[in-house]
Amino acid sequence: MALRNIAAACVGLALLGAPALAQTAKAPAAAVKSPGDLNDAQMEELYCIYDQMALAANNDVLTASIVRGDKDAAAKARQLHDVARTACVGKYKWEVEQAEVAGAVATSAILADLMEGQLRERGFDDKRFEAVMKITDTLPPADFDAVLSMGRKKLDEAALTRVRKHLTDAGVPGDKDTLEMAMAFLQGSMAEYDAVLRWVDKKYY
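Please read these numbers as outputs of a predicted model, since none were measured by experiment. (Residues numbered from 1 in each chain as written. Predicted model: local features only at pLDDT ≥ 70, side-chain atom pairs only at ≥ 80, totals over all residues. Heavy atoms only, no water.)

A closer look at the state of the cysteines
Part 1 of the reasoning: Per the stated rule, a full pass over the model turns up 1 disulfide.
Part 2 of the reasoning: Put simply, Cys48 and Cys88 are joined by a disulfide, and their sulfur atoms are 2.0 Å apart. Judged by the torsion about the S-S bond (-90°), the Cys48/Cys88 disulfide is left-handed. You can see Cys48 sitting in helix α2 (residues 48-56) and its partner Cys88 sitting in helix α4 (residues 71-92), a full 40 residues away along the chain.
Part 3 of the reasoning: When its relative accessible area of 6% is taken as the criterion, Cys48 is described as buried. (Disulfide = S-S within 2.5 Å. Helix = DSSP H or I, 4+ residues; strand = E, 2+ residues; numbered from the N terminus. Buried < 20%, exposed > 50% of the residue type's maximum accessible area, 1.4 Å probe, protein only.)

Pasting the structure below:
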């Protein structure tokens, strides 16, 4: 469920301050005010690292790295990322900050994709994913930030407990594994869109 397809399923991302993503036929750089204004070529640039990694990656490597935390797989995944980043920088002549944001889009989207696959194996359908994403409409800023910062900052357990309650209320089974997969999917999707907003802000303003 890469962001280029997310408008149909993840309406709750509107809380992040921009409309759900919908490609336009043409949008010159001067006309880009939000992610929804990006045209196909601009989306292709934004998702260059993601696409390069998807083409080159053995999905088992990414799964072992992200889902199971395997150190050897993590090193291979980082190498895939670095090779993709170098290729995209060469193609688009990005500045360092642009490359960092595009890298954040890629890694967040890959996390969301992998968690989506795991959850679909557990019976999740598009309606369930939509319900999961809709909870972002009601999260207060502290809870929103707690999800985005998972793995990077000290966990705000009280906030994450509230988010888990929202997830179970949205129909996510309460067993630990499924609930944590849903949390990771939510984090990846939110972080991806947050990175896209930063890309638009830095590249077109």
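Side note on the side chain of Glu45
Part 1 of the reasoning: Residue placement: Glu45 occurs in helix α1 (residues 40-46).
Part 2 of the reasoning: When residues no more than four places from it in sequence are discounted, the contact partners of Glu45 are Tyr92, Trp94, Trp199 and Lys203. (Contact = heavy atoms within 4.5 Å.)

Some details on the packing of aromatic side chains
Part 1 of the reasoning: Going through the model one piece at a time under the given rule, you end up with 5 aromatic pairs.
Part 2 of the reasoning: Aromatic pair Tyr47 and Tyr50: ring centres 5.7 Å apart, planes at 85°, arrangement edge-to-face. Here the two residues Tyr47 and Tyr50 agree in accessibility, since each one is buried.
Part 3 of the reasoning: Ring pairs connect the aromatic residues Tyr92, Trp94 and Trp199, which therefore count as one cluster.
Part 4 of the reasoning: A cation sits over an aromatic face here: Arg128 above Phe124, 5.1 Å from the ring centre. (Phe/Tyr/Trp six-rings, centres within 6.5 Å; stacked < 30°, edge-to-face > 60°. Lys NZ or Arg CZ within 6 Å of the ring centre and 35° of its normal.)

Considering the packing of helix α7 (residues 141-148) against helix α8 (residues 157-169)
Part 1 of the reasoning: Packing of α7 against α8 brings their axes to within 9 Å, and their N-to-C directions diverge by 95°. Relative to α8, the element α7 lies roughly perpendicular. Across the interface between the two elements, Ala142, Asp143, Ala146 and Val147 from α7 touch Ala159, Leu160, Arg162 and Val163 from α8.
Part 2 of the reasoning: Per-class residue counts for the contact of α7 with α8 are 6 nonpolar, no polar and 2 charged. (Axes fitted to C-alpha atoms, helices over the stretch in contact; angles between N-to-C directions. Parallel < 35°, antiparallel > 145°, perpendicular 65-115°, else oblique. Nonpolar A, V, L, I, M, F, W, Y, C, P; charged D, E, K, R; others polar.)

With respect to the confidence of the model for the protein chain
Low pLDDT marks stretches whose predicted atomic positions should not be read closely.
Part 1 of the reasoning: Looking at the protein chain, the pLDDT average stands at 82 and 82% of residues meet or exceed 70.
Part 2 of the reasoning: Segment residues 1-27: pLDDT under 50, and 77 contacts once partners within four positions in sequence are set aside and those in other chains are kept. (pLDDT = per-residue confidence, 0-100.)

Remarks on the layout of surface pockets
Part 1 of the reasoning: What the largest pocket holds in volume is close to 670 Å³.
Part 2 of the reasoning: Around the largest pocket sit 25 residues that line it, and Ile66, Thr107, Ser108, Leu111 and Gln187 are the ones nearest its centre.
Part 3 of the reasoning: Within the residue set of the lining of the largest pocket, elements represented by two or more residues are α3 (59-66), α4, α5 (96-121) and α9 (176-204).
Part 4 of the reasoning: Of the residues belonging to the lining of the largest pocket, the class tally is 14 nonpolar, 6 polar and 5 charged. (1 Å grid on protein atoms, 1.4 Å probe; cavity = no way out; pocket = protein on both sides within 12 Å on 5 of 7 lines; lining within 4 Å. Points joined across faces, edges and corners; volume = space filled by probe spheres on them.)

Details of α7
Part 1 of the reasoning: Of all the positions in α7, only Asp143, Phe144, Ala146, Val147 and Leu148 are classed as buried.
Part 2 of the reasoning: Residues of α7 that are buried make contact with α8 and α9.

Regarding unusual backbone geometry
Part 1 of the reasoning: In this structure, Lys93 is a non-glycine residue whose phi angle is positive, near 55°.
Part 2 of the reasoning: Along the chain, the position of Lys93 falls in the loop between α4 and α5.
Part 3 of the reasoning: Classification of Lys93 as exposed rests on a relative accessible area of 66%.

Points about the pattern of salt bridges
Part 1 of the reasoning: A full pass over the atoms with the stated rule returns 12 salt bridges.
Part 2 of the reasoning: Here Arg120 ties to Asp126 by a salt bridge, and the two come within 2.6 Å at their closest N and O atoms.
Part 3 of the reasoning: The class of Asp126 is partly exposed, set by a relative accessible area of 47%.
Part 4 of the reasoning: Between Asp194 and Arg198 there is a salt bridge, and its shortest N-O distance comes to 3.8 Å. Placement of the pair is Asp194 and Arg198 together in helix α9, with a separation of 4 residues, close to one helical turn.
Part 5 of the reasoning: With relative accessibility at 26%, the residue Asp194 sits in the partly exposed group.
Part 6 of the reasoning: We classify Arg198 as partly exposed; its relative accessible area is 34%.
Part 7 of the reasoning: One connected set of salt bridges, linked through shared partners, spans Glu116, Arg120 and Asp126. (Salt bridge = Lys/Arg side-chain N within 4 Å of Asp/Glu carboxyl O.)

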